[in-house]
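# Examining the three-dimensional arrangement
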Amino acid sequence: MDSLYSGYFLPADVVNDLKFKTLSFKNDRGHVELQVPEMTETQLSSVMLTLKKHRHEYLSKLHTNDLITIIDQAIQKWLHPNYELRQFAEETLPIITGYDAEMIRLFLSRYLRTFRKERLQRIVEEDFSNPLVLDEFRPRRAGGLTRAYGPELITHIFSGNVPGLPLWSLVSGLLVKSATLGKVSSSEPLFPVLFSKTIAEIDPDLAKTIAITWWQGGNESIEQTAFKHSQTVVAYGGERTIQQISKKIPPHVRFVEHGHKVSFGVITKECLTGSLAWQSAERAAKDASWFDQQGCLSPHVFYVEKGGHYSPRDFARLLAQEMSNFEHKMNRANLTPDETNAILKARSDVEFKSFASDRIELLASEGGTSWTVIYREDQEQFPFSCLNRLVTVIPIDDLKELKERTLSVQRLIQTVGIACPPQKFQSLIHILGECGVNRICFLGEMPQPEAGWHHDGRFNLGDLVYWCDVESSVEALMDKFDPYRD
């Protein structure tokens, strides 16, 4: 395909006055150009005032169940394989991101199901024991009344490492009845735009509270304007990006950051017996290969317990075979020269050390950098991966070692994928909980968190709202001021 498409979703009355630039994406699957606006501070201010106006007139009056129904209808459209925008996304996202087309198709189908009506209800009930507090004042058990209010407008700074992920932030903002200004990433600017168009097909008035646009990250004047007119800023990105944004957030604006995180896997010795070893390796390969390890949920290392029928070194070799199998099914994206050089350097360092010691071994794809497994018995520091399907296997004598081995990244740990029998389940999750882990899932499920999970260990919706409590004294004493009292 070779065409120019709009990479924005803005109120119609501002589009005519905008200037645009073109973002180009090209690989062996085709060429896509997205037209994105270059707004002035005045134009952005006007957009944000318009969003707030429509939020006041419409969105703030909707009940949470109404919003869930609208989002569910949008999801149903996207789950239909013949839906025009879904088909367009499946055609263009592989060109824009470089990811395997089948991987994107499978991910969208599974990911979008986490936003069905019953899942959305669970997300709301996970954060609010009585979801009606988002609609009206409700009685408190301690006495009096209480209600939760979402921000008038949330600015979302989306990341582009995994397509579709902005939907989580977008939906969270809508569920707390906040207007949305979404800043898309240059590396994946399309999905939030397409989903907003679907909202417009279902409820045009709700769509008037959403604006999805692009600006160059670090644009001082535009970001100051966006943040000044927001009540909350939600940002996704690396440590440097988060630090730069945090310096620009005014004191009156709440900042919800989702910065850099790391993940790892744990395989107990009971899972290294017979066919279970192959199954564990296959699941581990999927976790380490999905979206080329670009997500915070992707493992950098697998800690493997000694004492199983297969040794940790055997597991590393099984993993290498399964990484190769995955590559045959779903090719890795093309890399930049810097990314390729990072892998080649990591491989070279390991290969050099392996000449002098058999405690380290390199297992790697031939004729390219498609996948790399490093087996090392000595851990001097947490083995951060340079990503793009490069993962380390480290043997451990006892699961209790995990706390010490991950101490340096304790505040950064996102997800741990585990393979263990029921007999070790409780002791293992207790150890991981004390390591500061936010999410534990079974091996092979790391890239797809369940609905309502505590992202970065926090509430998704609860972090966005503020509460208004009406104390019981009001109820008790106001009768004395009732002009119709006896």
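Cut-offs used in this document
Residues numbered from 1 in each chain as written. Predicted model: local features only at pLDDT ≥ 70, side-chain atom pairs only at ≥ 80, totals over all residues. Heavy atoms only, no water. Helix = DSSP H or I, 4+ residues; strand = E, 2+ residues; numbered from the N terminus. Rg over C-alpha atoms; globule rule 2.2 N^0.38 Å. Buried < 20%, exposed > 50% of the residue type's maximum accessible area, 1.4 Å probe, protein only. Contact = heavy atoms within 4.5 Å. Lys, Arg positive; Asp, Glu negative; His and termini not counted. Charge placed at Lys NZ, Arg CZ, Asp CG, Glu CD. Pairing = 2+ DSSP bridges. Right-handed = clockwise from strand over helix to strand, strands pointing away. Phe/Tyr/Trp six-rings, centres within 6.5 Å; stacked < 30°, edge-to-face > 60°. Lys NZ or Arg CZ within 6 Å of the ring centre and 35° of its normal.

### Details of the overall build of the protein chain
In terms of regular secondary structure, the protein chain is built from 17 helices and 18 strands. Against the compact-globule benchmark of 23 Å for 486 residues, the protein chain has a radius of gyration of 25 Å, which places it among compact chains. Taken over the C-alpha atoms alone, the protein chain extends approximately 90 × 60 × 45 Å along its principal axes. Looking at the 486 residues of the protein chain, the share that counts as buried comes to 54%. Counting contacts in the protein chain only where the partners sit at least 6 residues apart, residues at least 24 apart contribute 75% of the total. On the protein chain, the mean spot of the 54 positive side-chain charges and the mean spot of the 63 negative ones are 1 Å from each other.

### A short note on the environment of Phe382
With respect to the secondary-structure elements, Phe382 resides in the loop between strand S14 (372-376) and strand S15 (390-396). Residue classification places Phe382 among the buried positions, given a relative accessible area of 4%. In this structure, Phe382 is in contact with Val262, Phe264, His300, Val301, Tyr303, Arg405, Thr406, Ser408 and Val409, ignoring residues within four places of it in sequence.

### Side note on the environment of Gly143
Within the secondary structure layout, Gly143 lies in the loop between strand S4 (138-139) and strand S5 (145-149). Relative accessible area serves as the criterion here: at 22%, Gly143 is assigned to the partly exposed category. Spatially, the C-alpha atom of Gly143 lies 9.8 Å from that of Asp469, the residues being 326 residues apart in sequence. Setting aside anything within four residues of it in sequence, one finds Gly143 in contact with Val470 and Ser472.

### Comments concerning the pairing of strand S9 (residues 232-236)
Taking burial as the measure, the five residues of S9 include five buried ones, the bulk of the element. Pairing between strand S6 (residues 153-157) and S9: four bridges, direction parallel. In the sheet register, His156 faces S9, and the bridge partner there is Val234. With five bridges joining them, S9 and strand S10 (residues 254-258) adopt parallel strand pairing. Note on S10: the bridge partner recorded for Thr232 is Arg254. The parallel pair S9 and S10 is bridged by helix H11 (residues 239-246), and the resulting crossover is right-handed.

### Section: the packing of aromatic side chains
To describe a pair of aromatic rings, you give the distance between the ring centres and the angle between the ring planes. Per the counting criterion, the structure on display carries 19 aromatic pairs. Seen from their ring centres, Phe264 and Phe382 are 6.5 Å apart, and the 65° between their planes marks the pair as edge-to-face. You can see Phe264 sitting in strand S11 (residues 262-267) and its partner Phe382 sitting in the loop between S14 and S15, a full 118 residues away along the chain. Take Phe264 and Phe382: they sit in the same class, and that class is buried. In this structure an aromatic cluster arises from ring pairing among Tyr99, Phe107, Tyr111, Phe115, Trp168, Trp290, Phe291 and Phe326. The positively charged end of Lys286 is found above the aromatic ring belonging to Trp290, 5.7 Å away from the centroid.

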